[in-house]
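Notes for the structure review
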Amino acid sequence: MSYLVDVATLARKDLRLELRARDTVPAMLLFVVSALVIFHFALPEESSGPAAVGLLWIAILFTALLGLGRAFMAEREQGLLDGLVLAPCDRSAIWLGKTLSTLVFLLLVEAIALPAFALFFDGSRIGPAAIAGVLLADLGIATVGTLLAAMASASRARELLLPLLFLPVVIPLLVGGVGAAVEPDPARYLGFLGLYDLIFAILSWASFEYVVTE
Amino acid sequence: MTSAEKYVTAAYLVFLAVVLVYVVIFATKVSRLDRELAELTALAKGTGGRQPAAKPPVREADQGKGSGETGRFPQLPGGPGATSARQPGNSPEGERLG
Amino acid sequence: MSTWSRNNGALALSAAATCLLVGGTALAFLWVPQDADQGFSQKIFYLHVPVALTAYACFAWGAWKAWRLLSRRQDRYDLESYTAVHMGIIFGVLTLVTGSIWAKISWGVWWTWSERQLVLFLILFLFYSAYFMLRYSLAPGPARANMSAVYALFGVVLIPVSFLAIRLAGTLLHPNPVINRDGPQMSASMFGVFCVCLAGMLALAAALYRTELTGKRLDARLRELRELLA
């Protein structure tokens, strides 16, 4: 039980920090809306077809990257990660706490991004299956992204490295999410997203310890 | 030669090219290692005679180089690609360090 | 590992690779009957598929060594895992190039998204290239070894997941059925020659792996020696 208490404490710490600083989430919000506007100008012909859903997903992925890039920044800059690692809690609790707070940020941003997309492009594309796809993919993004962000934050080239590590791994999420939104039979895609989430959540949870310790 | 034959040949040639490029890169690496070893043995001799070094690290690459030469620097190049101009030749002293 | 195996393993493997690959290629061009459907261009199959399977094998070997690193915590597995991934990406690039040539022969284009193996290798190429970026941006040490190992394990899990994703995406992006380029049936002789080529390619990868590993170990030991003497 103390494991879950640790996770809750860590997640709450991140959320409270963000509430006080208010820098990451507003930046992500502004970024996602700007991206959607740019996409309209980038594809004036296509932007009302099914291809537009792809644009939404690109916006979500890159906004997530923005947020993840800052995930471990505070810890690394102030050497807090060593302190957390020495703390008497399971290392994977750090991962889970960070994943939960990232998830909350993503959901907050998407609560604005999806209506914005419906407004700028074709609102009828955002049905319940599409939303379910976004939620499931958020899980995958948060779990894998947190692990990769921890890896990238340890290197010299943090902001450069995270997209390189992140993008190949989330291609399956993109396929699942777009498929769920576009296909008449979304069940396969949603099932696939669930499978991805399960596999990579377990893998990330188990291997986080090796990423932060030596 | 039909176009299909040309493309198939091209594919096999690409494979051959990659393997040969690998050989070239590895040969460069080996000659660099050889030079470094010569440098280090000179360094070792310079710091007061033969050091009881941990292990002779070049048994695998440095095979069959002939008998060691005492004292003077050997004039003949010791192995493949040993074009080190600044070192006075490579010596198979790797075996003698152990 | 016995001393004979350590000293002569690379030798034995490269000799085996030479015989198998030369023999296999000769059989492919001179003996095996030509495929009825695809004609001469099918011959590329004896090169492309063994290269692809060898790439998978290298990545799997790298992940195995990575697992050993994380469970046994012995330094040497880091170098072995890294070398295996290095081999894997070389063969991966070869797969992409030979696959592209085969696409050109079969469909007249240098790239097609409906060829699932090629798309998978593209994703893997991106993934494992990032592996090298990760390694180069970290200082050598146990931290880098651990992170590389975790990443290599992620890679090997990503292979089947990505393949599933590409299959799903196939129906999304290309409603046309994918042409099965292996041909409907492989005769026994074709399969035999294929196996010879595959064995040869695996032996080549193993030989290169050993040589590369020896080279890297020599490098490390020389550096160690330099530090001891300086």
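Structure: see above.
The present account deals with the structure reproduced in this document. Bear in mind that the values here come from a model prediction, so they are computed numbers and not experimental data. (Residues numbered from 1 in each chain as written. Chains lettered and ligands numbered in written order. Predicted model: local features only at pLDDT ≥ 70, side-chain atom pairs only at ≥ 80, totals over all residues.)

Secondary structure summary: chain A contains nine helices and zero strands in total. Secondary structure elements of chain A occur, N-terminal to C-terminal, as α-α-α-α-α-α-α-α-α. Its C-alpha atoms give chain A a radius of gyration of 17 Å, near enough to 17 Å, the size a compact globule of 214 residues would have. Along the first, second and third principal axes, the C-alpha set of chain A runs to 55 × 35 × 30 Å. A fraction of 81% describes how many contacts in chain A between residues 6 or more apart in sequence connect residues 24 or more apart. (Helix = DSSP H or I, 4+ residues; strand = E, 2+ residues; numbered from the N terminus. Rg over C-alpha atoms; globule rule 2.2 N^0.38 Å. Contact = placed C-beta atoms within 7 Å.)

This brings us to the interface of chain C and chain A. On the chain A side, the residues contacting the 26 residues of chain C number 28 residues. Breaking the side of chain C that touches chain A down by element, the ones donating at least two residues are helix H4 (116–136) and helix H5 (142–173) of chain C. Among the elements that take part in the side of chain C that touches chain A, H5(C) stands out by supplying 17 residues, more than any other.

Before going further, it helps to examine unusual backbone geometry. Phi at Arg22(A) is positive, roughly 50 degrees, even though this residue is not glycine. A positive phi angle is found at Arg73(C), which is not glycine, with a value near 60 degrees. Note that Arg73(C) resides in the loop between helix H2 (45–72) and helix H3 (76–107).

Bringing the interface of chain C and chain B into the picture now. Taken residue by residue, the interface counts 25 residues in chain C and 27 residues in chain B. Elements with a contribution of two residues or more to the side of chain C that touches chain B: H3 and helix H6 (188–229) of chain C. Per element, the largest residue contribution to the side of chain C that touches chain B is eleven residues, and it comes from H6(C). Looking at the side of chain C that touches chain B, its residues break down into 13 nonpolar, seven polar and five charged. (Nonpolar A, V, L, I, M, F, W, Y, C, P; charged D, E, K, R; others polar.)

Attention shifts here to the packing of helix H2 (residues 24–42) of chain A against helix H6 (residues 91–120) of chain A. Residues and elements named next belong to chain A. Close contact between H2 and H6 brings their axes to 9 Å; oriented N to C, the two are set at 25 degrees. As judged from the angle between their axes, H2 and H6 are roughly parallel. H6 is crossed by H2, and the crossing has right-handed handedness. Side by side, H2 and H6 meet where Thr24, Val25, Met28, Leu29, Val32, Val33, Leu36 and His40 of the first sit next to Phe105, Leu108, Val109, Ile112, Ala113, Ala116, Phe117 and Phe120 of the second. (Axes fitted to C-alpha atoms, helices over the stretch in contact; angles between N-to-C directions. Parallel < 35°, antiparallel > 145°, perpendicular 65-115°, else oblique. Left-handed = near helix turned anticlockwise from the far one by under 90°.)

Residue and element names in this part refer to chain A. Turning to its location among the elements, Gly123 is positioned in the loop between H6 and helix H7 (128–153). For Gly123, a count of 12 C-beta atoms within 10 Å puts it in the exposed group. Distance in space between the C-alpha atoms of Gly123 and Leu190 is 20 Å, their sequence separation being 67 residues. (Buried ≥ 20, exposed ≤ 12 C-beta atoms within 10 Å, placed from the backbone.)

Treat this as a map of the structure, not an account of what it does.
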